[in-house]
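Structure assessment
In case you want the letters, here they are:
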Amino acid sequence: MFKRDWDRRTCAKRGHVTYAPTEPELAARLHAATAVGDAWRCLRCGDFALGAPHGSGPADNAPLVPRGKALRDLFILRFLAVERVLRGILILIVAWGVWKFSNSQDAVHRVFDENLTVFRPVTEHFHWDLEHSPIVDTIRKTFDYKKSTLLIVAGALVAYALIEIVEAVGLWLGRRWAEYLTVVATAAFLPLEGYELSEHVSAVKICTLILNIAAVLWIMLSKRLFGLRGGVVAFEAERHSASLLEVEQAAGTVPPPAHGAHARA
C-alpha cells in the first residue's frame, strides 16, 4: 500500500530547512562537501540540500521542525482550523442577519405575510397546509421575539464566532492551548447538536456531529491532553524522538542538549 511521505511532500512545497550546529561532531554528521559546494541535511526530510544553511548555532537553539507523524498531525489540525474559520465567518453572517432583522422586524413581517399569499394557490393545489407548516410557524415565532432578545442572540452568535476564529488561529499555529480550547468548546456543544439532530435529521447535521466527535477524540488522544497517554511529558518526548538533530545526537558522540528551549506546550 502506498504510503504518503509527508516530509518530502512538504519540502517540495515549502523548501528544505537546514541548520549548522556549532558542535563539530554533530555538524560533521549533517554536512557534506560536494563538487558543486557544501550541502546540509534538511531537518524535515533528511535529504541533503545544496547551499548555505538557513541557520546556525548550538543544537539546542535549532528549530524543532515537525516531521513524520508530527507533520501529519499538523496537517490535520490545519484542516480543522480551516473548518473552524469558515464556520466562524458563517456564524458572523448569521449574527449580522439577526441584528438587521431586529432593526426592521415589523417591515420584514409585513413583507413575509404579503408574499405568503402568492404561494398559497400553489400549495393548495398540492394539498399542503402552508399556513401551519413547520417552516412558516418557526418564522412567525421569530416575529414575536423582542428586539432585546434578538440583540442578545446576535451578541451570543458573535461571541461563538470569535471563539471559533480564535480556535482556528491557534490550531493553524499548532498551539497546545488551542487544542484544549477546541476540545472543551466542541464537547460543550455536542449535547446541543445531538438535541437538534433528534428534532430534525439532516445530512449536514449528521456530518457535523460526526466530525466534531471525531475531532474531540483525535485531539485528546493524539495530543495526549488532560493527562491521557502520559500527558504533556510523553507528548514532548514523542516530538523530540522524531527530531533529526536528536536522532543524529543519539547516533553520535555529542552530549544531548537540555530540552528547555523546545519544551513549550
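Residues numbered from 1 in each chain as written. Predicted model: local features only at pLDDT ≥ 70, side-chain atom pairs only at ≥ 80, totals over all residues. Heavy atoms only, no water.

A look at the UniProt feature "transmembrane region" (unreviewed entry) in the chain
Spelled out, the test is: UniProt positions are given in the numbering used here, feature names are shortened, and annotations may be inferred rather than shown by experiment. Here a strand is any run of E in DSSP of at least two residues, a helix any run of H or I of at least four, and the numbering for each starts at the N terminus.
Here, the residues flagged by UniProt with the feature "transmembrane region" (unreviewed entry) are residues 150-173 and 203-221. Helix makes up 96% of residues 150-173 and strand 0%, whereas the separation of the span's terminal C-alpha atoms amounts to 35 Å. The span residues 203-221 carries 100% helix and 0% strand; its end-to-end C-alpha distance comes to 27 Å.

Re helix α8 (residues 203-222)
Rules: Helix span is expected to be 1.5 Å times the residue number reduced by one.
If you check α8, its first and last C-alpha atoms are 28 Å apart, about what 20 residues at 1.5 Å a residue would give, namely 28 Å. Just past α8, the residue R224 takes up positive phi, approximately 55°.

Describing the packing of helix α3 (residues 69-103) against α8
Note the following rule: Helix axes are fitted only over the stretch in contact, all axes being lines through C-alpha atoms; the angle between N-to-C directions runs from 0 to 180 degrees. Crossings are sorted by hand: turned counterclockwise from the far helix by less than a right angle, the near helix makes the crossing left-handed, and turned clockwise it makes it right-handed. Contacts were defined at the residue level, with two residues in contact if any of their heavy atoms lie within 4.5 Å.
Two elements in contact, α3 and α8, have axes whose closest approach is 12 Å; the angle formed by their N-to-C orientations is 140°. For the pair α3 and α8, the sense of crossing is left-handed. Contacts from K69, D73, I76, L77, L80, E83, R84 and R87 of α3 reach α8 at T208, L211, N212, A215, W218, I219 and S222.

Brief notes about the pairing of strand β2 (residues 31-34)
Rules: Strand pairing follows a simple DSSP-based rule, namely that at least 2 bridges must link the two strands.
One ladder, built from four bridges, connects β2 with strand β3 (residues 37-41); its direction is antiparallel. Of the residues in β3, the one forming a bridge with A33 is D38. A loop of two residues connects β2 with β3, the two strands running antiparallel in sequence.

Section: the sheet that holds β2
The strands making up a sheet associate through backbone hydrogen bonding, with each pair oriented either parallel or antiparallel. Across the sheet, three strands lie side by side as β2-β3-β4; this open sheet has antiparallel pairing. Both edges of this open sheet fall to β2 and β4 (48-50), since each of them pairs with a single strand only. Between one strand axis and the next, the sheet turns through 30° on average, direction left out of account.

A look at the environment of L221
Spelled out, the test is: Buried residues are those whose accessible area, probed at 1.4 Å on protein chains only, stays under 20% of the maximum for their type, while exposed residues exceed 50% and partly exposed ones sit between those limits.
You can see L221 is positioned in helix α8. L221 sits in the partly exposed class, given a relative accessible area of 44%. Taking the C-alpha atoms as reference points, L221 and G231, ten residues apart in sequence, are found 9.5 Å from one another.

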